[in-house]
Amino acid sequence: MPISFYNTLTRKVEEFKPIVEGRVSMYTCGPTVYDFFHIGNARSFVMSDVVRRYFEFSGYEVNYVMNITDIDDKIIKRGNEENRPSSEVAETFATAFLEDTKRFGIRHASTHPRATETMEEIIAHIKALVDKGAAYEVDGDVYFRVSAFKEYGKLSGKKIEDLQIGARIEADDRKENPVDFSLWKSAKPGEPSWDSPWGKGRPGWHIECSVMSQKYLGKTFDIHAGGNDLIFPHHENEIAQSEALTGEPFAHYWMHFGFLNIDNEKMSKSLGNFFTARDILEKYSAEVIRFYYMQTHYRSPLNFTHEGLEAAKTGLQKLQGLYDALEDAKTGSASFDVAAHEQRFIDAMNDDFNTSAAFGALFDMTREANTALHADTGMDDASRASLRDFLQRSCEGVFGILSSEKDDGGASSALLDGVMQLMIELRAEARNEKQWALSDRIRDGLKELGIVLEDSRDGTRWKTTT
RNA sequence: GGCGACGUACCCAAGUGGCUUAAGGGGACGCUCUGCAAAAGCGUUAUUCAUCGGUUCGAAUCCGAUCGUCGCCUCCA
């Protein structure tokens, strides 16, 4: 089965057919940098990262673009609150974004364009829309004329008439139609601004994504992704302002990530259940959080709980345990068939990136591999190598949840290795002389320090707990 | 009011017409291994998929009703 996934535009799971054979052009809506990003944002970024990595696993070359929106009302507001220039606010959180994504194991995009560095193109795009009659100016503001784009609503399934009835759209006399949206906002005194044919001002919310994606990926590209809540109005408006100008499809596939709730409630600052990505990384490793996210299908809502995180932590140790055991195992004679398991993994992922089912395959494989490894016959070198290779490509490469490096808790590994070597030798001597009290004291003492000893017939292994 | 999603074991979560008298993870209990542990393995933990009807040779999967939960329609990943 080829890679297939759910396309919001058609409301069906569709086989992926790239514009250019072997290549994927993909755009995911990045952050507006007015604050640290939170664990809900993190879910979208992680899942988007996994999709990108899986395409690469499958042999595609991926051109992955994620914007950084660094000029926006919320940034200006924050700047005012903190009494510092909004550009400084943007810079602070753009830097934090890059740092935090890295700590989360989210690979940086091929390009992270910024709105303020794309101003020329944004203005040109708006001007072209005005020239074409799809937008109009009113006193320095420019609005998109929704009536000029007949397909408006095709992504979200909304009808313009319904939107007009909805009383929630603010009445603005200056707009021809309440549903028209802002492309350019004139600057109030003291606000950051750029020169434009309509005077000083800044871009509206949606336009920057249209322009940045098309600048780096072309008029039409393969995949546009983002959080569920962006379907309307953000993505709907992006389509309108892009296709109204080019007359061609904007993105072929639209992918949306489910929302994250905290203890069954929507995360919000007012409810006090708001966690930034930074907060959560204090308590759990990036691998555990990533694994937790991936246990649920990307389109389903995810309920974020402490218990769930703890369960993920334990589950992940099982996978890591096999990875480590493969390293230490002695050469045996039995062969192990990795290919069948890899095929199950691929089938699951090709079917709408079904990470939950993929883990089913991975855990079944783990059980069988552990059994083989512990059997008298052991596992031959070639099997061990291919098993390791598969785990490396899947769990480390695609999912980013396993590490081949021994976690030494930050201590100097050469020194710690030496000390541990000695401790294990001393304890082995005590055990040979059946001095259980002493050997147990060593084991218990180390455990309190965060080091776990595991005895097997091949000797004693140690690892740190995290 | 409009649009949409969902309800699977103690918890999380795949499966969406026959291969399933329902994957996988966590938890619990019993066992094997072990000096004792840990790790690993084995077994048990849903004849049942919110409820009630219907379609079908056959339904967790399709249709209808009912109950419940949630999202979007406004800044939001």
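Regarding the overall build of chain A
Next, step 1: Counting its secondary structure elements, chain A contains 15 helices and 15 strands.
Next, step 2: Within chain A, buried positions represent 50% of all 466 residues.
Next, step 3: Here the contacts in chain A between residues at least 6 apart in sequence split such that 76% fall between residues at least 24 apart.
Next, step 4: Just so you have it, chain A exposes about 22000 Å², and 49% of that area is on carbon and sulfur atoms.
Next, step 5: The distance from the centre of the 55 positive side-chain charges to the centre of the 75 negative ones in chain A is 2 Å.

As for the sheet that holds strand β5 (residues 135-138)
Next, step 1: Read across the open sheet, the four strands follow the order β5-β6-β7-β8; overall the sheet is antiparallel. The sheet terminates laterally at β5 and β8 (201-203), the two strands that pair on one side only. Averaged over neighbouring strand pairs, the angle between their axes works out to 20° when direction is ignored.
Next, step 2: Bridging between strand β7 (residues 181-186) and β8 involves three bridges; their strand directions are antiparallel.

Some words on the sheet that holds strand β13 (residues 302-304)
Next, step 1: Within the open sheet, the three strands sit side by side as β12-β11-β13. Their pairing is mixed. One side of each edge strand has no neighbouring strand; the edge strands of this open sheet are β12 (265-266) and β13.
Next, step 2: Sheet topology places strand β11 (residues 260-262) next to β12; two bridges connect them, and they run antiparallel. Residue pairing across strands places Asn261 opposite Lys266, the latter belonging to β12.
Next, step 3: Its contacts with the sheet place helix α1 (residues 39-57) against β11 and β13, and it is angled at close to 150° to β11.

Overview of the confidence of the model for chain A
Detailed reading of the predicted coordinates is not advisable wherever pLDDT falls low.
Next, step 1: Per-chain confidence: chain A averages 91 in pLDDT, with 96% of residues scoring 70 or above.
Next, step 2: Per-element confidence in chain A ranges from a low mean pLDDT of 69 for helix α5 (residues 160-165) to a high of 98 for strand β4 (residues 61-66).

Regarding the packing of aromatic side chains
For any pair of aromatic rings, the description consists of the separation of the ring centres together with the inter-plane angle of the planes.
Next, step 1: Applying the stated criterion to the full structure yields 33 aromatic pairs.
Next, step 2: The interplanar angle of 35° and the centroid separation of 5.5 Å between the aromatic rings of Phe5 and Phe353 together place this pair among those described as tilted. With Phe5 in strand β1 (residues 4-7) and Phe353 in the loop between α11 (339-350) and α12 (355-374), this pair connects stretches of sequence that are 348 residues apart.
Next, step 3: Residue classification places Phe353 among the buried positions, given a relative accessible area of 3%.
Next, step 4: Measuring from ring centre to ring centre gives 5.6 Å for Phe57 and Phe345, while their planes differ by 70°; the resulting arrangement is edge-to-face.

What to know about the domain arrangement of chain A
Next, step 1: As assigned here, chain A comprises domain 1 (10-257), domain 2 (277-398) and domain 3 (413-464).
Next, step 2: Counting residues at the interface gives 26 residues for domain 1 and 31 residues for domain 2.
Next, step 3: Of the roughly 2500 Å² buried where domain 1 meets domain 2, counting both sides, 66% is carbon and sulfur surface.
Next, step 4: Counting the surface domain 1 buries against domain 2, the share from its top three residues, Arg43, Tyr54 and Phe104, is 30%.
Next, step 5: One can count three salt bridges joining domain 1 with domain 2.
Next, step 6: Across the pair Arg290 and Asp49 runs a salt bridge whose closest N-O atoms are separated by 3.0 Å.
Next, step 7: For the interface between domain 1 and domain 2, the tally reads 13 residue pairs in polar contact (both at pLDDT 80 or more).
Next, step 8: Going through the elements one at a time, α1, α3 (86-103) and β10 (251-257) are the ones with two or more residues in the side of domain 1 that touches domain 2.
Next, step 9: Looking at the side of domain 1 that touches domain 2 element by element, the count peaks at 12 residues for α1.

Describing the pairing of strand β6 (residues 141-144)
Looking down a regular strand, the side chains alternate between one sheet face and the other.
Next, step 1: With burial as the criterion, each face of β6 is covered, one bearing Asp141 and Tyr143 and the other bearing Val142 and Phe144.
Next, step 2: Relative to β6, β5 runs antiparallel, the two being bridged by four bridges. Of the residues in β6, the one forming a bridge with Glu137 is Val142.
Next, step 3: Joining the antiparallel neighbours β5 and β6 is a turn of two residues, in which Asp139 adopts a positive phi near 50°.
Next, step 4: The pairing of β6 with β7 spans three bridges and is classified as antiparallel.

Rules behind the numbers
Residues numbered from 1 in each chain as written. Chains lettered and ligands numbered in written order. Predicted model: local features only at pLDDT ≥ 70, side-chain atom pairs only at ≥ 80, totals over all residues. Heavy atoms only, no water. Helix = DSSP H or I, 4+ residues; strand = E, 2+ residues; numbered from the N terminus. Buried < 20%, exposed > 50% of the residue type's maximum accessible area, 1.4 Å probe, protein only. Contact = heavy atoms within 4.5 Å. Areas by Shrake-Rupley, 256 points an atom, 1.4 Å probe, with all protein chains shown as cover. Lys, Arg positive; Asp, Glu negative; His and termini not counted. Charge placed at Lys NZ, Arg CZ, Asp CG, Glu CD. Pairing = 2+ DSSP bridges. Axes fitted to C-alpha atoms, helices over the stretch in contact; angles between N-to-C directions. pLDDT = per-residue confidence, 0-100. Phe/Tyr/Trp six-rings, centres within 6.5 Å; stacked < 30°, edge-to-face > 60°. Domains from an automatic or database assignment. Buried area = accessible area lost by both parts, 1.4 Å probe. Salt bridge = Lys/Arg side-chain N within 4 Å of Asp/Glu carboxyl O. Polar contact = N/O pair within 3.5 Å; in protein donor to acceptor, adjacent residues only side chain to side chain.

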